[in-house]
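Report on the structure
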Amino acid sequence: MNKPIEKSSLPPGQYVSGDFPRFGLSPYANRYRKNFGPIRLSVSIVTGQTFSLTGEHLEQLVRTTQASDFHCVTTWTAKNIRWAGFRFIDFFEQLVKPRMTNADSIHWVIFKSLDGYRSRMLLSDLLQTEVLLADELDGKALCSAHGAPLRLIAPSHYGYKNPKHLKAIEFHGRHYQFKPPLLSFMEHPRARVELEERGRFFPGWLLRLLYRPLIRSTVRRFELAMLEKKN
Ligand SMILES: Nc1nc2c(c(=O)[nH]1)N[C@H]1C(S)=C(S)[C@@H](COP(=O)(O)O)O[C@H]1N2
Ligand SMILES: [Mo]
């Protein structure tokens, strides 16, 4: 019985959930598909270039595996989730940067997903070695529930900065347009788990209390949507 140790290893306001549910914002629950198709990423750079990459391009990078905890902003944490894929830093350095004219001017990255989800992150946060473009979970091809064909894994950032079903990645300077898929108070620009940056305008401890009661019904909504989808 080593519960206290387990507890102290958790970031502020999180609890260990027994499982790893399919989850997200309600409007996206029904945008589930059994098959989101093969990897096809559209990469665009603010200075002009746009190109597309497939799984074959990614396979040029070193494959890596990683077990990390997954923290949803609503306070549930799934411990020790085993991902495999490619480091974002390798993707950036080897597949994107060579096509950039002025990499130093890039500060923000916007991700767009096949279900219409959007998220943004600082490039500097994405270059941590624990940030992955993952295409495997638990030693198997990533399932649709958890983000097939490719998703971002950023363990130090809340789940909403871990977009599933990636379709496009845009590299921007300091100024860019981003329309968050959620109410603006729910979208913290950084969303670092250790600092409890759950959202904007309200402190993390308050958002904990607001979000926690919504977990159970959200999990159900996401499960049902999956069971009902035929294709
Ligand atoms: N495309 C897409 N990515 C998404 C979401 C979503 O609804 N659609 N929800 C986000 C949120 S809020 C969380 S907590 C995690 C949940 O990931 P999981 O379904 O693998 O548990 O995905 C994130 N990425
Ligand atoms: Mo979340």
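My aim in this report is to walk through the structure given alongside it, one point at a time. (Residues numbered from 1 in each chain as written. Chains lettered and ligands numbered in written order. Predicted model: local features only at pLDDT ≥ 70, side-chain atom pairs only at ≥ 80, totals over all residues. Heavy atoms only, no water.)

1. Things to note about the overall build of the protein
Secondary structure summary: the protein contains seven helices and eleven strands in total. Taken against the 2.2 N^0.38 rule, which gives 17 Å for 231 residues, the C-alpha radius of gyration of the protein at 17 Å falls within 12% of a compact globule. The C-alpha extent of the protein, read off along each of the three principal axes, is 50 × 40 × 35 Å. Counted over contacts in the protein with a minimum sequence separation of 6, partners at least 24 positions apart contribute 69%. Within the structure as shown, the protein displays about 11600 Å² of accessible surface, and the carbon and sulfur contribution to it stands at 53%. Taking the average location of the 34 positive side-chain charges in the protein and that of its 21 negative ones, the two points are 7 Å from each other. (Helix = DSSP H or I, 4+ residues; strand = E, 2+ residues; numbered from the N terminus. Rg over C-alpha atoms; globule rule 2.2 N^0.38 Å. Contact = heavy atoms within 4.5 Å. Areas by Shrake-Rupley, 256 points an atom, 1.4 Å probe, with all protein chains shown as cover. Lys, Arg positive; Asp, Glu negative; His and termini not counted. Charge placed at Lys NZ, Arg CZ, Asp CG, Glu CD.)

2. Details of the nonpolar core
Within the largest apolar cluster, 30 residues are counted, with the highest numbers of intra-cluster contacts made by Phe 88, Phe 91, Leu 152, Ile 169 and Phe 171. Among the elements of the structure, strand E2 (40-45), strand E3 (50-54), helix H4 (88-96), strand E6 (108-113), helix H5 (123-126) and strand E11 (166-172) are those that each provide at least two residues to this core. No other element matches H4, which puts five residues into this core. Non-local contacts of Phe 88, meaning those with residues more than four positions away in its chain, are made with Phe 111, Leu 123, Leu 126, Leu 127, Val 131, Leu 132, Leu 133, Leu 152, Ile 169 and Phe 171. With 27 residues, the next largest nonpolar core counts Tyr 117, Met 186, Leu 207 and Ile 215 among its residues. (Core = buried A, V, L, I, M, F, W, Y, C linked by side-chain atoms within 4.5 Å. Buried < 20%, exposed > 50% of the residue type's maximum accessible area, 1.4 Å probe, protein only.)

3. A short note on the pairing of strand E4 (residues 63-71)
Two elements, E4 and strand E5 (residues 76-87), share eight bridges in a ladder whose sense is antiparallel. By the bridge assignment for E5, His 71 is matched with Thr 77. (Pairing = 2+ DSSP bridges.)

4. Focus on the site of ligand 1
Lining the immediate surroundings of ligand 1 are 22 residues, of which Pro 21, Asp 115, His 146, Arg 151 and Lys 164 lie closest. Between ligand 1 and Phe 23, the relevant distance is 2.9 Å, taken from an oxygen atom to a main-chain nitrogen or oxygen of the residue. For ligand 1, whose free accessible area comes to 530 Å², the fraction covered by protein is 98%. Using a 2 Å cut-off from the grid points, one finds that ligand 1 occupies the largest pocket. (Near = heavy atom within 4 Å. Polar contact = N/O pair within 3.5 Å; in protein donor to acceptor, adjacent residues only side chain to side chain. 1 Å grid on protein atoms, 1.4 Å probe; cavity = no way out; pocket = protein on both sides within 12 Å on 5 of 7 lines; lining within 4 Å. Sits in = over half its atoms within 2 Å of the grid points.)

5. Regarding unusual backbone geometry
The phi torsion of most residues other than glycine is negative, and most of the peptide bonds are trans. With an omega dihedral of 0°, the bond running from Ala 148 to Pro 149 counts as a cis peptide bond. Topologically, Pro 149 is positioned in the loop between strand E9 (140-141) and strand E10 (151-153). Phi angles above zero are rare outside glycine, and Thr 75 is one such case at about 100°. Looking at where Thr 75 falls in the secondary structure, it is placed in the loop between E4 and E5. In this structure, His 165 takes a positive phi of about 50° despite not being glycine. One can find His 165 in the loop between E10 and E11.

6. Concerning the layout of surface pockets
If you roll a probe as big as a water molecule over the atoms, it shows you where there is empty space left. In this structure, the largest pocket spans a volume of roughly 570 Å³. Together, 34 residues line the largest pocket, and Phe 23, Gly 24, Leu 25, Cys 72 and Phe 222 are the ones closest to its centre. Taken together, the elements giving at least two residues each to the lining of the largest pocket come down to helix H2 (26-29) and helix H7 (215-228). Its residues placed into classes, the lining of the largest pocket shows 19 nonpolar, ten polar and five charged. (Points joined across faces, edges and corners; volume = space filled by probe spheres on them. Nonpolar A, V, L, I, M, F, W, Y, C, P; charged D, E, K, R; others polar.)

7. Thoughts on helix H6 (residues 204-211)
Buried residues of H6: Gly 204, Leu 207 and Tyr 211, and no others. For H6, the angular spread of the buried residues around the axis is 60°, confining them to a single face. What points out from H6, more than 90 degrees from its buried face, is the exposed set Trp 205 and Leu 209. Buried residues in H6 make contact with H7. (Arc of directions from axis to C-beta.)

8. So, the environment of Trp 108
Of note, Trp 108 is situated in strand E6. The class for Trp 108 is buried, based on a relative accessible area of 14%. With 16 residues separating them in the primary sequence, Trp 108 and Ser 124 have C-alpha atoms 8.4 Å apart. With residues near it in sequence (within four places) discarded, Trp 108 still touches Arg 120, Met 121, Leu 122, Leu 123, Glu 170, Phe 171, His 172, Gly 173, Arg 174, Tyr 176 and Pro 189.

9. Describing the sheet that holds E6
Paired through backbone hydrogen bonds, the strands of a sheet run either parallel or antiparallel to each other. The sheet built from five strands is open, its strands ordered E3-E2-E11-E6-E7 with mixed pairing. Looking along the sheet, the strands with just one partner apiece sit at the ends: E3 and strand E7 (118-122). Strand after strand, the sheet turns through a mean of 20° between neighbouring axes, direction not considered. Bridge analysis of E6 against E11 gives six bridges, and the strand direction is antiparallel. (Axes fitted to C-alpha atoms, helices over the stretch in contact; angles between N-to-C directions.)

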